[in-house]
Every structure is written in C-alpha cells, then in structure tokens.
Amino acid sequence: REAEHGLQLKNLVELFPIFADLDAQAREDLLLLFRPRTAAPGERIIRKGDRPDAAYFISKGGVQVSVGGREIPLGPGEFFGEMALLSGARRSADVTATDYCQLLMLDQREFRTFVARHPRLREHLDELAAQRSAMNRDG
Ligand code: CMP
C-alpha cells in the first residue's frame, strides 16, 4: 500500500524527533501505517474519559490540550493520544484543534504492535507520558 499522506521518509525524522532511533525499515513501515486526518479550528479530536482509538502526530497546525484547568499548546512535530494507548486507561484530557491541522493517525492496534517491536521508542514514549502525567498531577 502506498502512503497517501505525502510525508516522505527523509522528512519523518526531521519532523518527529521521537522517531530518530528507528532504522530505515522501521521508518518505512511506519509511513505505511499512518493514516491522514484533518481537523478544523475548534474541532475536538479527543474527549477526556473516552476509550482510546488512536494516537495522533501533528504535521501541520496546532492543538490545545485541556487538563486541570490549563491549556497546553502542541504543534508540528509533537503528538498526542499516546498516553491512553500506553497505559490502557481512558483519555486523560480534551484535545481541540486551534488551527487547520494535518494529523497522522496511528490506530491503537498498529501503535501497540509497533511500539512492542521497538523498545527504545517505547522507552521514550513512556518517559514523556510520565512527564505529562506528573505535570497534570502537580497542577
Ligand atoms: P491521552 O490520555 O490518550 O489523551 C489525551 C492526550 O493529551 C494524552 O494522551 C496526551 O497525549 C495529551 N496530554 C495530556 N496531558 C498532557 C500534558 N501535560 N502535556 C502535553 N500533552 C498532554
């Protein structure tokens, strides 16, 4: 299957430092797993308390994570929706588009299989998720 999101292999790591440790084959696999999705300003992409369906990587635009009365902006090269997939919990926050966004979605099944095969990626994702949830606890 050909990747339809227009992201090229050489741009993957430039845009998403989290994938820097992956070898060329793994990066190619990943490009085939991503599904493109757009979002318009004001669109809620994730609702707190929902069961997770996918993780989202931002290639253009921006979103706002609303948690504990705070708003945390995320932009190109960042990602969201990974925490519930890693932990098995419900969604920890609302996530709303603040601009027109181009997102790359990774469905939970593919996400879980992929990170299970790439332990260093899993470690980095776990570290970031731990920082994010600590931030949410400490307010
Ligand atoms: P998840 O819990 O699946 O859904 C909500 C998402 O918001 C969460 O995954 C993270 O990707 C993101 N998120 C939650 N808390 C923070 C935070 N403190 N900083 C940045 N992103 C966060």
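Residues numbered from 1 in each chain as written. Predicted model: local features only at pLDDT ≥ 70, side-chain atom pairs only at ≥ 80, totals over all residues. Heavy atoms only, no water.

1. Side note on helix α2 (residues 24-33)
So, point 1. Taken together, the buried positions of α2 are occupied by Ala26, Leu30 and Leu31. One side of α2 holds all its buried residues, which, seen down the axis, span an arc of 140°.
So, point 2. Contacts from the buried residues of α2 go to α1 (9-15), β8 (101-107) and α4 (108-117).
So, point 3. With a side-chain oxygen positioned 3.2 Å from the backbone nitrogen of Gln25, the residue opening α2 is Asp23. (Buried < 20%, exposed > 50% of the residue type's maximum accessible area, 1.4 Å probe, protein only. Helix = DSSP H or I, 4+ residues; strand = E, 2+ residues; numbered from the N terminus. Arc of directions from axis to C-beta. Contact = heavy atoms within 4.5 Å. Polar contact = N/O pair within 3.5 Å; in protein donor to acceptor, adjacent residues only side chain to side chain.)

2. Quick word on the pattern of salt bridges
So, point 1. In the structure shown here, the tally under the stated rule is seven salt bridges.
So, point 2. A salt bridge links Asp53 to Arg91, with the nearest nitrogen and oxygen atoms 3.1 Å apart. Pair noted here: Asp53 is in the loop between β2 (44-46) and β3 (54-60) and Arg91 is in the loop between α3 (82-87) and β7 (94-97), with a separation of 38 residues, a long-range link.
So, point 3. The class for Asp53 is partly exposed, based on a relative accessible area of 44%.
So, point 4. Taking relative accessible area as the criterion, Arg91 reaches 6% and is therefore assigned buried. (Salt bridge = Lys/Arg side-chain N within 4 Å of Asp/Glu carboxyl O.)

3. Notes on the environment of Arg109
So, point 1. Its location among the elements puts Arg109 in helix α4.
So, point 2. Taking the relative accessible area as the measure of exposure, Arg109 reaches 67% and is therefore exposed.
So, point 3. Each C-alpha atom, one on Arg109 and one on Leu85, is 9.0 Å from the other, the two residues being 24 residues apart in sequence.

4. Some details on the nonpolar core
So, point 1. Among the nonpolar cores identified, the biggest contains 24 residues, and Phe19, Phe34 and Phe57 are the most heavily contacted of them.
So, point 2. Of all the secondary-structure elements, those providing two or more residues to this core are α2, β3, α3, β8, α4 and α5 (119-138).
So, point 3. Ignoring any residue separated from it by four or fewer positions in sequence, one finds Phe19 in contact with Leu12, Val13, Arg27, Leu30, Phe34, Phe57 and Leu121.
So, point 4. Ala39, Ile45, Val95 and Leu103 belong to the second-largest nonpolar core, a separate cluster that totals 17 residues. (Core = buried A, V, L, I, M, F, W, Y, C linked by side-chain atoms within 4.5 Å.)

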